[in-house]
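Residue strings, one per chain:
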Amino acid sequence: MDESTRATLEQLQPLVGQWTVEAVAPWMPANEQRGHTIFQWGPGEAFLVQRWEVPVDVAPDGVAIFAVDEESGDLIQHYFDSRGVVRQYATSIEDGVWSLRKLTPGFAQRFRGELSADGDTIEGAWEKADDGSDWERDFGLVYRRVN
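Every value quoted in this text rests on a predicted model; they were computed, and no experiment measured them. (Residues numbered from 1 in each chain as written. Predicted model: local features only at pLDDT ≥ 70, side-chain atom pairs only at ≥ 80, totals over all residues. Heavy atoms only, no water.)

Caption draft 1: The arrangement of the overall build of the protein in detail. A tally of regular secondary structure across the protein gives one helix and ten strands. Over its C-alpha trace the protein gives a radius of gyration of 15 Å, about what one expects of a compact globule, namely 15 Å for 147 residues. Taken along the three principal axes of its C-alpha coordinates, the protein extends 45 × 40 × 30 Å. Classification of the 147 residues of the protein by burial places 41% in the buried group. In the protein, 34% of the contacts between residues at least 6 apart in sequence involve partners at least 24 apart. Split by element, the accessible area of the protein, about 8300 Å² in all, is 47% carbon and sulfur. Distance from the positive charge centre (13 side chains) to the negative charge centre (26 side chains) of the protein: 4 Å. (Helix = DSSP H or I, 4+ residues; strand = E, 2+ residues; numbered from the N terminus. Rg over C-alpha atoms; globule rule 2.2 N^0.38 Å. Buried < 20%, exposed > 50% of the residue type's maximum accessible area, 1.4 Å probe, protein only. Contact = heavy atoms within 4.5 Å. Areas by Shrake-Rupley, 256 points an atom, 1.4 Å probe, with all protein chains shown as cover. Lys, Arg positive; Asp, Glu negative; His and termini not counted. Charge placed at Lys NZ, Arg CZ, Asp CG, Glu CD.)

Caption draft 2: Structural view of the packing of aromatic side chains. The full count for this structure, using the stated rule, is ten aromatic pairs. Their ring planes at 50° and their centres at 6.2 Å tell us that Phe 39 and Phe 66 sit as a pair that is tilted. Of this pair, Phe 39 sits in strand S2 (residues 34-41) while Phe 66 sits in strand S4 (residues 62-68); the two residues are 27 residues apart in sequence, bridging distant segments of the chain. The exposure classification of Phe 39 matches that of Phe 66, with both residues buried. Centroid distance Phe 66 to Trp 98: 6.5 Å. Interplanar angle 45°. Geometry classified as tilted. Residue Phe 66 is located in strand S4, and its partner Trp 98 is located in strand S7 (residues 97-102); the two are separated by 32 residues in the primary sequence. The exposure class of Phe 66 is buried, given its relative accessible area of 0%. (Phe/Tyr/Trp six-rings, centres within 6.5 Å; stacked < 30°, edge-to-face > 60°.)

Caption draft 3: Representation of the pattern of salt bridges. In the structure shown here, the tally under the stated rule is six salt bridges. Among the ionic pairs, Glu 22 bridges to Arg 144, the shortest N-O distance being 3.3 Å. Of this pair, Glu 22 sits in strand S1 (residues 17-24) while Arg 144 sits in strand S10 (residues 136-145), and the two are 122 residues apart along the sequence. On the accessibility criterion, Arg 144 (36% relative accessible area) is partly exposed. (Salt bridge = Lys/Arg side-chain N within 4 Å of Asp/Glu carboxyl O.)

Read these as geometric descriptors, not functional statements.
Written as structure tokens, this is what we have:
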């Protein structure tokens, strides 16, 4: 792997570890809003794998793979969930902010999460734009590092 690719992947290091995830949304059942996610490097640290489980039916379990796109050199997240949904997102962590933006046409979606100074909390929210331009909050997420 070249130096540029390695440097780009190193942006993701703050995510590595185990986290609880709390959804903040009116449609989530009370007391069932916490899930669990783990981020760990794949073979050769050439990509990052995220796996998550959420103990409620309205939220999917899934896996995502973060890697550097060989054509653009940008970080991409490949997302797969238990509903059969498959998506691609542009992603970055810059100046303590983790962002994701859906790349394919249709349903517009983005995430912005702020990392705490100690790196043990990420507070953020997903937004959606059914028309592609008028953004509205979909739901919030709070990640808390377990280890």
